[in-house]
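Chain and residue survey
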Amino acid sequence: NAGVTQTPKFRVLKTGQSMTLLCAQDMNHEYMYWYRQDPGMGLRLIHYSVGEGTTAKGEVPDGYNVSRLKKQNFLLGLESAAPSQTSVYFCASASSRVSSNQPQHFGDGTRLSIL
Amino acid sequence: QQQVKQSPQSLIVQKGGIPIINCAYENTAFDYFPWYQQFPGKGPALLIAIRPDVSEKKEGRFTISFNKSAKQFSLHIMDSQPGDSATYFCAAFDNYGQNFVFGPGTRLSVLP
């Protein structure tokens, strides 16, 4: 049981390039989330999805797009990468609204550097 | 109002000590307060969580104390071990609005 798997683990991009980060979960979870983690700032929610075919904006959505075409996958896209998007990106999933009995399960992150 | 303040930024204790990490929030819509533990190169993992109608919750060596009127909550780690050395994040969730706010983290080092 892999849990939440993020691909790739590391990536270096040049300013203006595009890329897609993939998150896959094998727990049949309805809810999925994308966060970014920057030094001294904790995690900030970028976008989330409450089910297949749905997406919604979080706290810091600008410059990112997402898609949830399949229940198990949640894609995060950067159309034109900027140095300010250098960060560690974490995906998480949950079976329903977050609680002690239904926690968020996190992947191990994608470290992205924009030059 | 969306911010969760966390202190200290870093903490060093001897093995067996009781590190305490404090957090404070403003938004009264928050209804779930988890603590996460993160090791280098790994994603955060839920450690313990509490709801605002409870003043204290204990799981093993980890205890959350919650003060609703002061809008503060804290994590205590009893009999700390070197294996507890990690970064700890508090968070405040508004589950209805799917609004999640994390504190900036506390780097804990437990010396053998």
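Residues numbered from 1 in each chain as written. Chains lettered and ligands numbered in written order. Predicted model: local features only at pLDDT ≥ 70, side-chain atom pairs only at ≥ 80, totals over all residues. Heavy atoms only, no water.

**Description of the overall build of chain B**
Of the regular secondary structure elements, chain B holds 0 helices and 11 strands. Beginning at the N terminus, the succession of helices and strands in chain B can be written as β-β-β-β-β-β-β-β-β-β-β. Computed over its C-alpha atoms, the radius of gyration of chain B comes to 13 Å, within 12% of the 13 Å expected for a compact globule of 112 residues. The principal-axis extents of the C-alpha atoms in chain B amount to approximately 40 × 30 × 20 Å. (Helix = DSSP H or I, 4+ residues; strand = E, 2+ residues; numbered from the N terminus. Rg over C-alpha atoms; globule rule 2.2 N^0.38 Å.)

**A few points about the interface of chain A and chain B**
On the chain B side, the residues contacting the 20 residues of chain A number 21 residues. In total, chain A and chain B occlude about 1700 Å² of area from one another, counting both sides; carbon and sulfur atoms represent 53% of this. When the buried surface of chain A facing chain B is broken down by residue, Leu-43, Arg-97 and Val-98 of chain A rank first, second and third, together holding 27% of it. Scanning the region where chain A abuts chain B turns up 1 salt bridge. Residues Lys-42 of chain B and Asp-108 of chain A are paired through a salt bridge, measuring 3.5 Å at the closest nitrogen-oxygen approach. (Contact = heavy atoms within 4.5 Å. Buried area = accessible area lost by both parts, 1.4 Å probe. Salt bridge = Lys/Arg side-chain N within 4 Å of Asp/Glu carboxyl O.)

**Quick word on the sheet that holds strand β8 (residues 73-78) of chain A**
All names here are of chain A. If you trace the 4 strands from one edge of the open sheet to the other, you get β1-β3-β8-β7, paired in antiparallel fashion. Edge strands, defined here as strands with exactly one partner in the open sheet, are β1 (4-7) and β7 (65-67). Mean inter-strand twist for the sheet, computed between neighbouring axes without regard to direction, equals 20°. (Pairing = 2+ DSSP bridges. Axes fitted to C-alpha atoms, helices over the stretch in contact; angles between N-to-C directions.)

**Describing the packing of aromatic side chains**
Per the stated rule, a full pass over the model turns up 19 aromatic pairs over all chains. Their ring planes at 85° and their centres at 5.6 Å tell us that Phe-106 of chain A and Tyr-36 of chain B sit as a pair that is edge-to-face. On the criterion of chain membership, the pair formed by Phe-106 of chain A in strand β10 (residues 105-106) and Tyr-36 of chain B in strand β4 (residues 33-38) is interchain, its members lying in two chains. Its relative accessible area of 1% is what places Tyr-36 of chain B among the buried residues. With a centroid separation of 6.1 Å and 35° between ring planes, the pair formed by Phe-66 of chain B and Phe-73 of chain B is classed as tilted. A single burial state applies to Phe-66 of chain B and to Phe-73 of chain B, both of which are buried. Clustering of aromatic rings is evident, with ring pairs tying together Tyr-33, Tyr-35, Tyr-48 and Phe-106 of chain A together with Tyr-32, Tyr-36, Phe-93, Phe-100 and Phe-102 of chain B. (Phe/Tyr/Trp six-rings, centres within 6.5 Å; stacked < 30°, edge-to-face > 60°. Buried < 20%, exposed > 50% of the residue type's maximum accessible area, 1.4 Å probe, protein only.)

**As for the environment of Asn-95 of chain B**
As for its position among the elements, Asn-95 of chain B is in the loop between β9 (86-94) and β10 (99-102). Overall, Asn-95 of chain B belongs to the buried group, its relative accessible area being 5%.

**Topic: a nonpolar patch on the surface**
Nonpolar side chains collect at one region of the surface, where Ile-18, Ile-20 and Met-78 of chain B lie side by side and expose about 240 Å² of accessible area between them. Of note, Ile-18 of chain B is situated in the loop between β2 (10-14) and β3 (20-25). (Patch = residues over 30% accessible without salt bridge, like charges linked within 9 Å, V, L, I, M, F, W, Y side chains within 5 Å. Areas by Shrake-Rupley, 256 points an atom, 1.4 Å probe, with all protein chains shown as cover.)

**Focus: the sheet that holds strand β6 (residues 56-59) of chain B**
Residue and element names in this part refer to chain B. Read from one edge to the other, the open sheet built from 5 strands follows the order β1-β3-β8-β7-β6, with strand pairing classed as antiparallel. This sheet does not close on itself; its edge strands, each paired only once, are β1 (4-7) and β6. Geometrically, the sheet is characterised by an average inter-axis angle of 15° between neighbouring strands, direction not taken into account. Both strand β7 (residues 62-67) and strand β8 (residues 72-77) contribute to a ladder of 6 bridges, which runs antiparallel. In the sheet register, Thr-63 faces β8, and the bridge partner there is His-76.

**Regarding the environment of Ser-67 of chain A**
Residues and elements named next belong to chain A. In this structure, Ser-67 sits in strand β7. For Ser-67, a relative accessible area of 22% puts it in the partly exposed group. In sequence terms Ser-67 and Thr-54 are 13 residues apart; their C-alpha atoms lie 7.9 Å from each other.

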